[in-house]
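Descriptive structure summary
Residues per chain are reported as follows:
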Amino acid sequence: MKARQPTRERPVWSRDFGLFFVARAAARLGDTMLPVALAAGLLQHGYGAGAVGLAMASTAAAFAGLVVFGGVIADRVSTRKLMIGADLVRLGTQSLAAALFYSGHVVLWQICAIGFANGVAGAVFQPGVASTVPRLASDVQGANGAIRIAESAAQLAGPAAAGLLVGFASPGGVFAAHAATYAISALCLLLLRLPPGTGPASHGGSGAFRADLTEGWREFRSRTWLWGVIAVWCVYMIAVWGPTVPLVATEVVQQHGPRAYGLVNSALGAGTVIGGLLALRLRPRRMLRAGAISLFAFAGFPATVGAGLGVPLMAAGAAAAGAGMSFWGVMWATSVQTQVQPDVLNRIHAYDVAGSLAMMPVGQALAGPAATALGAGHVLLVSGAMSLAIPVALLAVPAIRNLIRADAPKTFSAAGPLRERPCAEPSA
């Protein structure tokens with residue numbers, strides 16, 4: 001496996017990283033506004049909750065189904081141009097959605113088609129994020145931590161801003177604001193000056209495309225720490241995240257009202273900001289080990305709600321969960337971006353995203369029947385227990401717990417300095 005070539009040190013905070021930072025924060029702000037706009041707009045026009053779910057699922061299905069192909073394209077074409085193009089497509093689709101809601105002519109299949117187009121654009125956009133971060137900053141962990149903080153703050157502000165826009169304007173106003181966030185993102189990326197990278201691969205034809213797809217899978221499969229995490233994460237999505245999100249919302253709203261749910265959700269967002277700040281400060285030598293340990297904190301979120309504890313304790317559990325999940329996210333993203341060589345990074349990241357999201361709809365679909373059979377509280381307690389089992393499973397894999405960070409300092413022996421091999425998998 002080829003080792004990374006030494007590169008000139010690039011500080012985290014630079015003009016170009018600042019542009020990328022704003023682009024990610026703006027896009028995330030718009031994305032967190034979208035569920036509010038869809039729910040309010042479709043309900044206002046006589047559709048039910050099923051229609052809202054279908055509209056959201058159209059975007060998720062397109063994204064999850066096509067992101068692997070987006071990774072291949074990103075390794076063959078300039079990622080910056082690809083991301084700008086994807087933002088411009090979403091600027092157009094969300095502007096069209098705004099026009100439909102402003103005109104009052106809202107047809108479900110049209111909204112689903114717009115959502116599908118957004119999902120396709122997102123699948124093309126997302127793989128390029130992984131390879132852009134290391135090109136902008138030598139301190140990849142610091143860059144990921146800063147971006148995670150920005151996205152977490154946007155996640156806190158987005159639903160509140162959407163609610164105000166729905167109240168004072170209309171759902172069409174939220175879609176217009178969402179379109180504007182993609183315009184901001186596209187403009188920032190247009191002004192971005194990326195340092196020279198490996199360059200897009202000069203392949204052509206469907207055969208070469210399939211070869212690139214196969215090569216990406218082979219590179220993914222060759223890293224035990226990588227596919228091991230994704231395999232465990234599939235279980236996590238089915239047993240923990242999938243049921244936790246809908247059942248926490250249902251239980252808290254039914255028992256304590258929507259304001260309490262808003263408070264718990266805000267605590268979760270605040271926790272993600274704290275986790276991002278911790279990731280800026282802490283530099284563990286074994287990043288995935290530290291990240292896995294932080295995941296133990298997530299158990300407090302479903303467990304406090306499942307046990308029927310008071311709102312303050314639920315909020316505290318949500319904050320701890322957000323911090324643990326955010327810290328893990330930075331450790332994981334940094335490991336992938338620094339351990340994988342640049343010429344296959346976009347494809348590896350695409351397999352990572354697809355694998356991470358594949359089982360989430362399964363967990364969400366099973367949440368309802370499981371709650372009917374066992375009770376929502378019991379299902380959440382089981383999810384809390386599984387939240388403790390998941391990091392144990394991660395730590396049980398030697399390739400995961402022993403992976404040395406790529407920028408680990410040199411170690412010394414009596415014979416002289418020995419450099420860590422960042423791309424080699426550790427032995428058991």
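Treat the numbers as computed from the prediction; the structure is a model and nothing was measured. (Residues numbered from 1 in each chain as written. Predicted model: local features only at pLDDT ≥ 70, side-chain atom pairs only at ≥ 80, totals over all residues. Heavy atoms only, no water.)

Take the pattern of salt bridges next. Applying the stated rule across the entire model yields five salt bridges. D87 serves as the salt-bridge partner of R90, at 3.0 Å between the closest nitrogen and oxygen. Here D87 and R90 lie together in helix α3 (residues 79-103), a separation of three residues that amounts to about one turn. In this structure, R90 and D87 share a single accessibility class: buried. Residue D139 pairs with R283 through a salt bridge whose shortest N-O separation is 2.6 Å. Of this pair, D139 sits in the loop between α4 (108-136) and α5 (140-168) while R283 sits in the loop between α9 (258-281) and α10 (287-294); the two residues are 144 residues apart in sequence, bridging distant segments of the chain. A relative accessible area of 24% places D139 in the partly exposed class. (Salt bridge = Lys/Arg side-chain N within 4 Å of Asp/Glu carboxyl O. Helix = DSSP H or I, 4+ residues; strand = E, 2+ residues; numbered from the N terminus. Buried < 20%, exposed > 50% of the residue type's maximum accessible area, 1.4 Å probe, protein only.)

So, on to a nonpolar patch on the surface. Taken together, the side chains of L66, F69 and F116 make up a nonpolar region of the molecular surface, amounting to roughly 250 Å² of accessible area. Position of F116 relative to the elements: it lies in helix α4. The class of F116 is partly exposed, set by a relative accessible area of 43%. (Patch = residues over 30% accessible without salt bridge, like charges linked within 9 Å, V, L, I, M, F, W, Y side chains within 5 Å. Areas by Shrake-Rupley, 256 points an atom, 1.4 Å probe, with all protein chains shown as cover.)

Let us now look at the packing of aromatic side chains. Going through the model one piece at a time under the given rule, you end up with 10 aromatic pairs. Centre to centre, the rings of F101 and F175 are 4.8 Å apart; their planes meet at 10 degrees, and the pair counts as stacked. Here the residue F101 occupies a position in helix α3, and F175 occupies one in helix α6 (residues 171-191), the gap between them amounting to 74 residues. Its relative accessible area of 2% is what places F175 among the buried residues. (Phe/Tyr/Trp six-rings, centres within 6.5 Å; stacked < 30°, edge-to-face > 60°.)

With that out of the way, let us pick up the side chain of Q341. In this structure, Q341 sits in the loop between α12 (311-339) and α13 (342-358). Side chain to side chain, Q341 and R223 meet in a polar contact 2.8 Å long. (Polar contact = N/O pair within 3.5 Å; in protein donor to acceptor, adjacent residues only side chain to side chain.)

With that out of the way, let us pick up helix α1 (residues 15-44). An ideal rise of 1.5 Å per residue puts 44 Å on 30 residues; α1 measures up with 43 Å between its terminal C-alpha atoms. Phi turns positive, to about 90 degrees, at G46, one or two residues after α1. (Expected span 1.5 Å × (residues − 1).)

For α12, built from 29 residues, the straight-helix expectation of 42 Å at 1.5 Å per residue is met to within 8% by its first-to-last C-alpha distance of 41 Å. Where burial is concerned, most of α12 is hidden: 23 out of the 29 residues are buried.

This brings us to the nonpolar core. By size, the foremost hydrophobic cluster in this structure holds 58 residues, and its most contacted members are V67, W225, L288, F301, W328, W332 and L394. Per element, the largest residue contribution to this core is 13 residues, and it comes from helix α8 (residues 224-256). (Core = buried A, V, L, I, M, F, W, Y, C linked by side-chain atoms within 4.5 Å.)

Quick look at the environment of A183 now. Looking at where A183 falls in the secondary structure, it is placed in helix α6. The sequence separation of A183 and A27 amounts to 156 residues, and the corresponding C-alpha distance is 9.0 Å.

The next point concerns the packing of α1 against α4. Across the interface, α1 lies against α4 with an axial gap of 12 Å and an inter-helix angle of 160 degrees. One finds that α1 runs roughly antiparallel with respect to α4. As for how α1 packs across α4, the hand of that crossing is left-handed. Taken together, the residues of α4 that come into contact with α1 (itself represented by D16, F17, F20, R24, L38 and L42) are L108, I111, F125, Q126, V129, T132, V133 and L136. (Axes fitted to C-alpha atoms, helices over the stretch in contact; angles between N-to-C directions. Parallel < 35°, antiparallel > 145°, perpendicular 65-115°, else oblique. Left-handed = near helix turned anticlockwise from the far one by under 90°. Contact = heavy atoms within 4.5 Å.)

Let us look at the packing of α1 against α5. Where α1 meets α5, the axes come as close as 7 Å, and the angle between the chain directions of the two elements is 35 degrees. Pair α1 / α5 crosses with right-handed handedness. Here the contact of α1 with α5 is composed, by residue class, of 18 nonpolar, four polar and three charged. (Nonpolar A, V, L, I, M, F, W, Y, C, P; charged D, E, K, R; others polar.)

What follows deals with the side chain of R90. By relative accessible area, R90 is classed as buried at 8%. In this structure, R90 is in contact with N118, A121, G122, F125 and Y182, ignoring residues within four places of it in sequence.

On to the confidence of the model for the protein chain. Of the residues in the protein chain, 88% have a pLDDT of 70 or more, and the chain-wide mean is 81. Across residues 1-7, confidence stays below pLDDT 50; counting only partners more than four residues off in sequence or on other chains, it has 11 contacts. (pLDDT = per-residue confidence, 0-100.)

Along the chain, the position of G145 falls in helix α5. The exposure class assigned to G145 is buried, which follows from its relative accessible area of 0%. For the pair G145 and G275, spaced 130 residues apart in sequence, the C-alpha separation works out to 8.4 Å. Ignoring sequence-local partners within four residues, the contact set of G145 consists of G276, L280 and V330.

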